[in-house]
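# Understanding the architecture of this molecule
Spelled out from the first residue to the last, the chains are:
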Amino acid sequence: MEVGSVWLAAVVTIIGGFVMALRWLLKRVNWLLYEAKLGDKQYALPPGDLGWPFIGNMWAFLRAFKSSDPDSFIGSFVDRWVGGELCT
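These figures come from a predicted structure and were not determined experimentally.

## A word on the overall build of the protein
- Helix and strand counts for the protein come out as three helices and zero strands.
- Taken from N to C terminus, the helices and strands of the protein fall in the order α-α-α.
- Within the protein, the proportion of its 88 residues that are buried is 2%.
- Accessible surface computed for the protein: about 8200 Å², of which carbon and sulfur atoms make up 70%.

Have a look at this one:
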């Protein structure tokens, strides 16, 4: 191997380790600031993705209403929630 590729591998490894350590640290800080205060009130999230921040599921909503079947958007949510905790 060339010396340059060894240095590149070392830099990528160091940056990867730093990113993983930062992710671990941020998760712990989040737990200390927010989740620890909830105590026994911690709930599991409902099934499905949350979408992008501030946008949510707007793209799927607009795509469904642009298509010939606008009820597919609501139907996808109903299908995910049937038998779940939120059905009353």
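Let us keep going from here.
## Side note on the UniProt feature "transmembrane region" (unreviewed entry) in the protein
- UniProt feature "transmembrane region" (unreviewed entry): in the numbering of this structure it lies at residues 6-26.
- Helix and strand shares over residues 6-26 are 100% and 0% respectively, and the end C-alpha atoms of the span are 30 Å apart.

## Thoughts on the packing of aromatic side chains
- This structure, assessed with the given rule, holds two aromatic pairs.
- Seen from their ring centres, Phe61 and Phe65 are 4.7 Å apart, and the 50° between their planes marks the pair as tilted. Residue Phe61 and its partner Phe65 are both found in helix H2 (residues 58-66); the two are separated by four residues, about one turn of the helix.
- Looking at Phe61, the relative accessible area reads 37%, which means it is partly exposed.
- Chaining the aromatic ring pairs together yields one cluster made of Phe61, Phe65 and Phe73.

## A look at helix H1 (residues 3-38)
- In this model, H1 (36 residues) spans 52 Å end to end at C-alpha, consistent with the 52 Å of a helix rising 1.5 Å per residue.
- Gly39 sits one or two positions beyond H1 and adopts a positive phi of about 65°.

## Focus on the confidence of the model for the protein
- For the protein, the average pLDDT comes to 79, and 76% of its residues sit at 70 or higher.
- Within the protein, the lowest mean pLDDT, 78, falls on helix H3 (residues 71-81), and the highest, 89, falls on H1.

Procedures and definitions
Residues numbered from 1 in each chain as written. Predicted model: local features only at pLDDT ≥ 70, side-chain atom pairs only at ≥ 80, totals over all residues. Heavy atoms only, no water. Helix = DSSP H or I, 4+ residues; strand = E, 2+ residues; numbered from the N terminus. Buried < 20%, exposed > 50% of the residue type's maximum accessible area, 1.4 Å probe, protein only. Areas by Shrake-Rupley, 256 points an atom, 1.4 Å probe, with all protein chains shown as cover. UniProt positions renumbered as here; feature names shortened; annotations may be inferred. Phe/Tyr/Trp six-rings, centres within 6.5 Å; stacked < 30°, edge-to-face > 60°. Expected span 1.5 Å × (residues − 1). pLDDT = per-residue confidence, 0-100.

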